Amino acid sequence: MTAAPQNTPGDTPDAVLFVVSAYVLSTRSLNRLESAAVAATDLPARLIRLEDTGPNLIKALDQFRAEGKRHIRVQPLGYPFPETLLNWLPGVLADWRQRGDNADTHITLGADALSDPAQLSAAAAAALAPPAAARSVAGTKPRLGKPGWTDPPDFDFHLLLCTGPRCAVHGAASAIHLLKEELQAAGVAKRCLITQTACVYPCNRGPVLVLYPHGHWYHLPDRPTIRRFVREVLLEGGRADDLRFYTTRRGRAGAERGDAPPPRF
Ligand code: FES
């Protein structure tokens, strides 16, 4: 029996997975960053972001492995990269290695190159260098936002789906699409405001959905649970207790007082 390779620093990887933490990056900026990152190495390389939608960390590792890669360098990229995520990544990568046959795949985790103040200064200086890249705002109409950013949309329920990095590992990226599809199929999509959030704390229960005005928190890992949530909670006014893992203090107090049950469609 061949011993599983240990994660020994210094080995040469056969693929690079760049990881960024960047909620507000547009698709265009993300594509540009990926092109630049991929061009920086001769190895097969790919870039993902740890939160929001798009391929998640686990799927990207699975894909490299399916392509025969057995030493993957996971390289954080950031300005600088968030420390909480750097502390979290080794554990989740080790967790991936113990799934299925993945133990035969070697993973090394790169350092955050831009945590060094000298390199940050160099990046800032490089940003300031080309004067042609700066444009004047003289002549631009002053405004803080578009007219459409004044009024909230009219909706019945507010669904907050966490797409933070840990929920993304648990499948939040696909959960958001599945949720939209199920709301559409139930004919209530326009009456729900969906907001993608950053981490709301109970990461181990991801993907996490918070429903207001009810104040209930749900664990919705797949299409069947999302379909049940839409039907049993939103349409029928139930609570789907086996999917619900928390209710806010105010929601619990209301239930104890015997307040009217939360609304339904
Ligand atoms: S990342 Fe979703 S609860 Fe933490």
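Residue indices begin from 1 for each chain and proceed along its sequence in written order. Where local features are concerned, this predicted model is filtered to residues with pLDDT of at least 70; where side-chain atom pairs are given and counted, the filter is 80 or more; whole-chain, interface and lining totals use all residues.

**Structural notes on the overall build of the protein**
Part 1: Helix and strand counts for the protein stand at eight helices and nine strands.
Part 2: Referenced to the eigenvectors of the C-alpha coordinate spread, the extents of the protein come out at roughly 70 × 65 × 30 Å.
Part 3: A total of 265 residues make up the protein; the buried ones form 25% of that total.
Part 4: We call two residues in contact if the C-beta atoms placed from their backbones are at most 7 Å apart. If you take every contact in the protein between residues at least 6 apart in sequence, the share linking residues at least 24 apart comes to 74%. Here a helix means four or more residues in a row that DSSP labels H or I, a strand means two or more in a row labelled E, and each is numbered from the N terminus. Any residue whose C-beta has 12 or fewer other C-beta atoms within 10 Å is treated as exposed, any with 20 or more as buried, and any in between as partly exposed, C-beta atoms being built from the backbone.

**Some thoughts on the confidence of the model for the protein**
Part 1: For every residue, the predictor states its confidence as a pLDDT score lying anywhere from 0 to 100. With 95% of its residues at a pLDDT of at least 70, the protein reaches an overall mean of 88.
Part 2: Across the protein, the secondary-structure element scoring lowest on mean pLDDT is helix H4 (residues 117-128), at 80, and the one scoring highest is strand E8 (residues 216-219), at 98.

**Structural notes on helix H7 (residues 223-235)**
Part 1: Of all the positions in H7, only Ile226, Phe229, Val230, Val233 and Leu234 are classed as buried.
Part 2: Packing partners of the buried residues in H7 comprise strand E5 (157-162), helix H6 (172-185), strand E7 (208-212) and E8.
Part 3: Backbone geometry just downstream of H7 places Gly237 in the positive-phi region, at approximately 80°.

**Here's the deal with the nonpolar core**
Part 1: In this usage, the nonpolar core is the set of buried Ala, Val, Leu, Ile, Met, Phe, Trp, Tyr and Cys residues whose C-beta atoms join them within 7 Å. One finds Leu17, Val19, Leu161, Ala172 and Leu209 to be the most contacted residues of the largest nonpolar core, which totals 47 residues.
Part 2: Domain ranges listed in this record stem from an automatic or a database domain assignment. When residues of this core are assigned to domains, at least three map to each of domain 1 (15-113) and domain 2 (152-257).
Part 3: Beyond its immediate stretch of four places on either side in the chain, Ala172 contacts Leu161, Cys162, Thr163, Cys167, Gly206 and Pro207.

**Digging into helix H3 (residues 83-97)**
A turn of α-helix holds 3.6 residues, and therefore any two residues three or four places apart point the same way.
Part 1: Compared with an ideal rise of 1.5 Å per residue, which puts 15 residues at 21 Å, H3 spans 22 Å between its outermost C-alpha atoms and is within 8% of the ideal.
Part 2: The largest bend along H3 measures about 30° and falls at Leu89, with the proline Pro90 one to four residues further on.
Part 3: The set of residues buried in H3 consists of Leu85, Leu93 and Trp96.
Part 4: The secondary structure elements touched by the buried residues of H3 are helix H2 (57-66), strand E3 (71-77), strand E4 (106-109) and helix H5 (165-169). Residue count minus one, scaled by 1.5 Å, sets the expected span of a helix. The bend reported for a residue corresponds to the angle between axes fitted to the seven residues ending at that residue and the seven starting there.

**Section: the sheet that holds strand E2 (residues 45-49)**
Part 1: For two strands to be treated as a pair, DSSP must find no fewer than two bridges joining them. Reading across the sheet, the four strands line up as E2-E1-E3-E4 and stay open at both edges, with parallel pairing between neighbours. Among the strands making up the open sheet, the edge pair consists of E2 and E4. Adjacent strand axes in the sheet meet at a mean angle of 25°, parallel and antiparallel pairs treated alike.
Part 2: Relative to E4, E3 runs parallel, the two being bridged by four bridges. Among the inter-strand pairings, Arg73 is bridged to a residue of E4, identified as Thr108.
Part 3: Docked against the sheet, helix H1 (residues 27-39) engages strand E1 (15-20), E2 and E3, running at close to 145° with respect to E2. Axis lines are fitted through C-alpha atoms, for helices just across the contact stretch, and the angle between N-to-C directions can take any value from 0 to 180 degrees.

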